[in-house]
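Each chain, written out:
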Amino acid sequence: MQKLNTTRRHFLAGIAVAGAGTVASELSLAATQEAAYAIDPPPTTSMAIVGTDERFPVRRVFCLGRNYRAHAFESGDDPDVNPPFFFIKPRDAVVDASLGHPYPQITRALRYEGEMVVALKSGGVNISESEALEHVFAYGIGLDMTREDLQEVAQELSRPWAISKSFDNSAPCGPLYTVADVGHRLNGRIWLSVNGEVRQDSDLSLMRWSIPEAINILSSHYELKAGDIIMTGTPENVDLVEKGDLINCGVEGLGEIEVLIT
Ligand code: MN
């Protein structure tokens, strides 16, 4: 109670001195209590979990770029010079793979990237590699869909990747498999086919930043929290798809997902 009073007093003093500048403080104080929202709160984005009706609520979607050597080379990068990196998709980019993937607006070059997804049950900052896997709740399969033509323009102009990577529905994902059920997935085949023809075929062990390394590095940049997912990057042989194409993507031990481009 004493602490609250002190905070309140401090806040009131702030108003007198700083006026409008402290309104945000008042709002965040209110947000810690029961809030009435001016509009309906957005729905919670969540992922199915194999073996239970419970779902995994998504907080943030971190993605690894060029986390396989051969894909770095095909992207025009030199993995001996440049390390992998991170980018972000909005949480509601995550949709159930079974709903299909609507061919997005604007682009004429929609690219698939088959990836394993890591879902965290807890987080922190500066998580050590040796403790990183303790934060993993489950693994799954997802597609990092990309508007390749917009990405090329962004790269030419040294602009952010947002409109090429972070568009609506850009992360169709399958159900999660819990660590309790399947253990940790640090190696094993990852593959992707289009209309039955295998296009990508690699192994999780070829990731440049392993999952513990990725969690360690990511947690040095951001405070990770329960609900965060990490898309761990795609192997080589990314390519374009058209409306009507059927993508299957599998990871050893995690089954496969099927995504129809609609
Ligand atoms: Mn990717």
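The notes below deal with the structure included here. (Residues numbered from 1 in each chain as written. Predicted model: local features only at pLDDT ≥ 70, side-chain atom pairs only at ≥ 80, totals over all residues. Heavy atoms only, no water.)

### Some words on the overall build of the protein chain
What the protein chain contains, in helices and strands, is eight helices and 17 strands. A buried classification covers 44% of the 262 residues belonging to the protein chain. Put simply, of all contacts in the protein chain between residues at least 6 apart along the chain, 74% involve residues at least 24 apart. When the accessible surface of the protein chain is summed, it comes to about 13600 Å², and 52% of that surface belongs to carbon and sulfur atoms. (Helix = DSSP H or I, 4+ residues; strand = E, 2+ residues; numbered from the N terminus. Buried < 20%, exposed > 50% of the residue type's maximum accessible area, 1.4 Å probe, protein only. Contact = heavy atoms within 4.5 Å. Areas by Shrake-Rupley, 256 points an atom, 1.4 Å probe, with all protein chains shown as cover.)

### Things to note about the coordination of the manganese ion
Coordination of the manganese ion by the protein involves E113 (OE), E115 (OE) and D144 (OD), with metal-donor separations of 2.0 to 2.1 Å. Donor residues binding the manganese ion come from one chain and are separated in sequence as E-x1-E-x28-D. By relative accessible area, which is 1% here, E115 ends up buried. (Donors = N, O, S within 2.8 Å, 3.2 Å for Na, K, Ca; no water.)

### A closer look at the nonpolar core
Counting 38 residues, the largest nonpolar core has M116, V118, L143, M145, I215, V241 and I247 as its most contacted members. Going through the elements one at a time, β3 (61-65), β6 (110-112), β7 (114-120), β8 (136-143), β12 (189-194), α8 (211-221), β16 (246-251) and β17 (256-260) are the ones with two or more residues in this core. For I247, the residues in contact, after removing those within four places along its chain, are Y112, L143, M145, L192, S193, V194, V241, I257, E258, V259 and I261. Grouped together as the second largest cluster of nonpolar side chains are 19 residues, M47, V58, C63 and C173 included. (Core = buried A, V, L, I, M, F, W, Y, C linked by side-chain atoms within 4.5 Å.)

### What to know about the environment of D201
Residue position: D201 is located in strand β13 (residues 197-203). Counting along the chain gives 50 residues from D201 to V251, while the straight-line C-alpha distance between them is 9.9 Å. Those residues in contact with D201 that sit more than four places away from it in its chain are R189, I190 and W191. Polar contacts involving the side chain of D201 include one to the side chain of R189, which spans 2.8 Å. (Polar contact = N/O pair within 3.5 Å; in protein donor to acceptor, adjacent residues only side chain to side chain.)

### Things to note about the pattern of salt bridges
When the charged atoms of two side chains lie near each other, side chains of opposite charge can form a pair. Applying the stated criterion to the full structure yields 12 salt bridges. Salt-bridge contacts for D239 lead to R199; the nearest nitrogen and oxygen are separated by 3.9 Å. Here D239, found in strand β15 (residues 239-241), pairs with R199, found in strand β13; they are 40 residues apart in sequence, far enough to count as distant. For D239, a relative accessible area of 38% corresponds to the partly exposed category. Given the relative accessible area of 26%, R199 is considered partly exposed. Because the salt bridges share partners, they merge into one network encompassing K89, R111, E113, D144, E148 and K165. (Salt bridge = Lys/Arg side-chain N within 4 Å of Asp/Glu carboxyl O.)

### Section: the side chain of T146
Of note, T146 is situated in strand β9 (residues 146-147). Aside from chain neighbours lying at most four places away, what touches T146 is A109, L110, R111, E113, Q151, S164, K165 and F167.

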